[in-house]
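Coordinates in review
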Amino acid sequence: ERFGVILLALTACDVQETPVHRSLFLLALTLPACSTEGAGPALLDAEVNAKATYTYEADIQPIFTANCIGCHTGSNPPAGLDLTSGVSYGNIVNVAATELPTMDRVEPGSTATSYLYHKIAGTHASVGGTGRRMPIGSTLSTTDTSILATWITEGAPYDDACTDTDGDGSCDTE
C-alpha cells in the first residue's frame, strides 16, 4: 500500500489545446503506463511527496496528554508505557507491546498490526491481547480515534519539520 500516490487516467479526448494540458499529456507519454488487469483506461502512477495529515507534537501528543498521562507517566507507568511529551514517541513507534510482544505498539502504516490502536478501539482481545480497553473509565472520542488511525496509516510520522531517526521522540540533526 502506497500513500501520496495520484492515479491519473488519460485519454486523447481529455487533452485540451492549452500549453499546460499539452505539457501534461507529453509528460504522461514519457511515463510507463499500466492498467489494472486489462480493465479500464491506462493508469499513470505519479508519486507525490504528500504532507502528513497529522503531526505527532501538534496532533497526537495532545491526545495522550489529555487522556492517558493520568496513568501512563513517571518512572513506573503501566505496561512500562510513559506517554509524557518528549518520550512518548520513542516508547510507542516500532516498540513491542508488553501485553502482546509479537505486535508493536505502533506499526507505521498499519492499524491492524498496531496494538495501541487495538487497545484504544477495544479490539485488543481479538488479536490475542489482554487487559482492559484504554483509556480506563472512558473511551477516546471518534475524532481522536480517527486522528490516531490516520496518523498510524500514514506511517506514524514524528513531525514534518524534523526527523526522529533513532526513535527517541526528539528531532535529530542531519
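So, here's what we can say about the structure. (Residues numbered from 1 in each chain as written. Predicted model: local features only at pLDDT ≥ 70, side-chain atom pairs only at ≥ 80, totals over all residues. Heavy atoms only, no water.)

1. Focus on the nonpolar core
If you look at the biggest cluster of nonpolar residues, it comprises 22 residues, and the most contacted ones within it are Tyr56, Phe64, Ile92, Val106 and Trp151. For this core, the secondary-structure elements that each account for two or more residues are α2 (56-67), α3 (88-92), α4 (115-121) and α5 (142-153). The biggest single contributor to this core is α5, with five residues. (Core = buried A, V, L, I, M, F, W, Y, C linked by side-chain atoms within 4.5 Å. Buried < 20%, exposed > 50% of the residue type's maximum accessible area, 1.4 Å probe, protein only. Helix = DSSP H or I, 4+ residues; strand = E, 2+ residues; numbered from the N terminus.)

2. With respect to α5
Its twelve residues give α5 an end-to-end C-alpha distance of 16 Å, which sits within 8% of 16 Å, the value for a rise of 1.5 Å per residue. Every buried residue of α5 is listed here: Thr145, Ile147, Leu148, Ala149, Trp151 and Ile152. Check the buried side of α5 and you find it contacts α2, α3 and α4. Count one or two residues on from α5 and you reach Gly155, which has phi positive near 100°. (Expected span 1.5 Å × (residues − 1). Contact = heavy atoms within 4.5 Å.)

3. Considering unusual backbone geometry
A cis amide bond links Met134 to the next residue, Pro135, at an omega of -10°. Mapping Pro135 onto the fold places it in the loop between α4 and α5. The phi torsion at Ala79 lies on the positive side, around 60°, for a residue other than glycine. In this structure, Asn94 is a non-glycine residue whose phi angle is positive, near 60°. Examined against the element boundaries, Asn94 turns out to sit in the loop between α3 and α4. Under the relative-accessibility criterion, Asn94 is labelled partly exposed at 48%.

4. A look at the packing of α2 against α5
Between α2 and α5, the least distance of the axes is 11 Å, while the angle of their chain directions is 135°. With respect to α5, the axis of α2 lies oblique. For the pair α2 and α5, the crossing hand works out as left-handed. On the side of α2, the interface is formed by Tyr56, Asp59, Ile60, Ile63, Phe64 and Asn67, while α5 contributes Asp144, Ile147, Leu148 and Trp151. (Axes fitted to C-alpha atoms, helices over the stretch in contact; angles between N-to-C directions. Parallel < 35°, antiparallel > 145°, perpendicular 65-115°, else oblique. Left-handed = near helix turned anticlockwise from the far one by under 90°.)

5. Remarks on the layout of surface pockets
Taken as a whole, the largest pocket spans an internal volume of roughly 410 Å³. As for the largest pocket, its lining consists of 23 residues, of which His72, Leu81, Leu83, Lys119 and Met134 are closest to the centre. Elements with a contribution of two residues or more to the lining of the largest pocket: α2 and α4. Top element by residues in the lining of the largest pocket is α4. It accounts for four residues. (1 Å grid on protein atoms, 1.4 Å probe; cavity = no way out; pocket = protein on both sides within 12 Å on 5 of 7 lines; lining within 4 Å. Points joined across faces, edges and corners; volume = space filled by probe spheres on them.)

Functional significance is not addressed by these values, which are geometric in nature.
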